[in-house]
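Summary of structural features
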Amino acid sequence: MSAAPSPVPAAIPADIPWRRETDSLGMWIFLATEAMFFGVLFLAYAHARIADPAGFGVASRLTHAWLGTTNTAILLTSSLTMALAVRNGWAGRRRSVIALLWATAALGAAFIAVKGVEYALEWRDGLVPVLRFTYAGSHAQAVERFFFLYFAMTGVHAVHLSIGVALVAWLAVRDRDPSHPVRRRETAECLGLYWHFVDAVWIFLYPLIYLVELWR
Amino acid sequence: MNSPPPVRVYLFTWLALMALLAATFTAAHFRLGAANAAVGLAIAAAKVALVGLFFMHLRRASALIAIFAVGALFWIAILFGLSGADYATRQVSPAPWTAPDGH
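Residues numbered from 1 in each chain as written. Chains lettered and ligands numbered in written order. Predicted model: local features only at pLDDT ≥ 70, side-chain atom pairs only at ≥ 80, totals over all residues. Heavy atoms only, no water.

1. Topic: the overall build of chain A
Heads up, the rule is: Per the convention used, a helix needs a DSSP run of H or I reaching at least four residues, while a strand needs a run of E reaching at least two, with both numbered from the N terminus. Think of it in three bands: with a 1.4 Å probe and only protein chains considered, a residue is buried below 20% of the maximum accessible area for its type, exposed above 50%, and partly exposed in between. We call two residues contacting when some pair of their heavy atoms lies within 4.5 Å. Surface accessibility follows the Shrake-Rupley procedure with a 1.4 Å probe radius. Residue values consider only the protein chains on display as shielding.
Of regular secondary structure, chain A possesses 6 helices and 2 strands. When the helices and strands of chain A are read in sequence order from the N terminus, they spell out α-α-α-α-β-β-α-α. Relative to its 216 residues, chain A shows a buried fraction of 54%. Partitioning the intrachain contacts of chain A with sequence separation of at least 6 by distance along the chain shows that 80% fall at a separation of at least 24. Carbon and sulfur atoms make up 69% of the accessible area of chain A, which amounts to about 9,800 Å² in all.

Structure representation (structure tokens):
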């Protein structure tokens, strides 16, 4: 008549070393699948560009390199504030964490705003395939392919970034309540990994979109 | 990360990223032929390596996490390697019913 031991302890200790490892590992596995998701788009870009390199040069010159460069600087800086938020969380500096998370969300929102300006300019110039494509200069087919891939890749990237902004803002709000600080440090770390991954995708997009024929 | 890295590590990483951004933007203004794309991608790879090692803490990560990070790159390499081999070695043979313009 001995009571069967419960398979689950009443309370799992919050700050055990492998928990952090497990959380990060899960995030890395997810990011590996994300890498494959973006990978096929990059492969499509490579195929289309090799098919007509000059056409991609023409198309790239129709993009706004200064806006793209500004946005790259914004996103790299947002990765700094995100990394510092995670770092200060582990150092136990909660108030600076909240400020850094808000800075990260603001920089992410600024990136999306600049991207919106770019999209508006491309709509005005008739460079949106299917919906409004009026370009009739040289290499028109390659230019249309370039902009199709451009909108697909930057669009999917912007969706990822929007999700990141929403989650970072959510975490900043939640972090004001100090009742479960340990668990949230791990949430911040996983969110940080996601944020840096989205940054890394943009780092590769930047030269492929804006810098193809800047010398001309 | 029992003791987190000092803040200066993050600041230096950010400075290096900004310097690389300036370098790639400047280099793109010079006509280098095929090297234009190579320089752009090499600098992008260097930036991603910095982000991975110092912002995503891969430098201090366990072997298990490192395996998954490298595994992601490995599968990307398979994707590009096998697809590239296909496109590089096969001739386009239009079928008899292909339209006259080849599309």
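2. A look at the overall build of chain B
Across its full length, chain B holds 3 helices and 0 strands. Seen in sequence order, chain B has helices and strands lined up from the N terminus as α-α-α. Every one of the 103 residues in chain B was classed for burial, and the buried ones make up 28%. About 6,600 Å² of surface is accessible on chain B, with carbon and sulfur atoms providing 71% of the total.

3. Considerations on unusual backbone geometry
Even without being glycine, His 139 of chain A reaches a positive phi, approximately 55 degrees. Along the chain, His 139 of chain A turns up in the loop between strand S2 (132–133) and helix H5 (140–174). Phi is positive for His 57 of chain B, close to 60 degrees, though the residue is something other than glycine.

4. A closer look at the interface of chain B and chain A
For clarity, the cut-off: Once two parts are put together, the accessible area they lose, assessed with a 1.4 Å probe and summed over both, is termed the buried area. Salt-bridge detection follows one rule: a side-chain nitrogen of Lys or Arg within 4 Å of a carboxyl oxygen of Asp or Glu. Here a polar contact is recorded for every N or O atom pair within 3.5 Å, except that within protein the pair must consist of a potential hydrogen donor and a potential acceptor, and residues adjacent in sequence are included only if both atoms are side-chain atoms.
Taken together, the contacts link 43 residues of chain B with 47 residues of chain A. Overall, the association of chain B and chain A removes approximately 4,000 Å² of surface from exposure, summing both partners, and the carbon and sulfur fraction of that is 81%. Across the chain B-chain A interface, the total number found is 0 salt bridges. Counting across the interface, chain B meets chain A through 5 residue pairs in polar contact (both at pLDDT 80 or more). Put simply, the parts of the chain that give the side of chain B that touches chain A at least two residues each are helix H1 (7–27), helix H2 (34–55) and helix H3 (63–89) of chain B.

5. A closer look at the packing of helix H4 (residues 94–124) of chain A against H5 of chain A
All names here are of chain A. Note the cut-off: Each axis is a line fitted through C-alpha atoms, taken for helices only over the stretch in contact, and angles between the N-to-C directions span 0 to 180 degrees. Note on angle classes: values under 35 degrees are labelled roughly parallel, values over 145 roughly antiparallel, values of 65 to 115 roughly perpendicular, and the remainder oblique. Note on convention: the crossing is left-handed when the near helix lies turned anticlockwise from the far helix by less than a right angle, right-handed when the turn is clockwise. Three residue categories are used. Nonpolar comprises Ala, Val, Leu, Ile, Met, Phe, Trp, Tyr, Cys and Pro, charged comprises Asp, Glu, Lys and Arg, and polar comprises the others, including Gly.
Interaxial distance between H4 and H5 falls to 9 Å at its minimum, and their mutual angle equals 155 degrees. Considering their axes alone, H4 and H5 lie roughly antiparallel with respect to each other. Crossing handedness for the pair H4 and H5: left-handed. Looking at the contact of H4 with H5, its residues break down into 18 nonpolar, 6 polar and 3 charged.

6. Examining helix H3 (residues 65–90) of chain A
Structurally, the α-helix is built with 3.6 residues per turn, so residues lying three or four positions apart point the same way. All names here are of chain A. Our working rule: Each helix should span, by expectation, one fewer than its residue count multiplied by 1.5 Å.
Across its 26 residues, H3 extends 38 Å between first and last C-alpha, which sits within 8% of the 38 Å expected from 1.5 Å per residue. Buried residues dominate H3, accounting for 22 of its 26 residues. Just beyond H3, the residue with positive phi is Gly 92, at close to 80 degrees.

7. Focus: the side chain of Asn 88 of chain A
In this structure, Asn 88 of chain A sits in helix H3. Contact partners of Asn 88 of chain A, with chain neighbours within four places excluded, come to Arg 93, Ser 96, Val 97 and Leu 100 of chain A.

8. A look at the packing of aromatic side chains
All names here are of chain A. Going by this rule: Centres within 6.5 Å make a pair out of two Phe, Tyr or Trp rings, where for Trp the six-membered ring is used; the pair is then stacked when the planes are under 30 degrees apart, edge-to-face when over 60, and tilted otherwise.
Here the structure, examined in full by the defined rule, presents 16 aromatic pairs over all chains. With centroids separated by 6.2 Å and ring planes inclined at 90 degrees, the aromatic side chains of Tyr 119 and Tyr 150 adopt a geometry described as edge-to-face. Placement of Tyr 119 in helix H4 and of Tyr 150 in helix H5 is noted, with a sequence separation of 31 residues between them. By relative accessible area, which is 23% here, Tyr 119 ends up partly exposed. By relative accessible area, which is 2% here, Tyr 150 ends up buried.

9. Considerations on the domain arrangement of chain B
Our working rule: As annotated, the domain borders come from an automatic or database domain assignment.
The domain architecture assigned to chain B consists of domain 1 (1–60) and domain 2 (62–91). The straight-line distance from the C-alpha centre of domain 1 of chain B to that of domain 2 of chain B is 22 Å.

10. A short note on the environment of Arg 93 of chain A
Residues and elements named next belong to chain A. Its place among the elements puts Arg 93 in the loop between H3 and H4. Overall, Arg 93 belongs to the partly exposed group, its relative accessible area being 43%. In this structure, the C-alpha to C-alpha distance between Arg 93 and Asp 175, residues 82 residues apart in sequence, is 11 Å. For Arg 93, the residues in contact, after removing those within four places along its chain, are Arg 87 and Asn 88.

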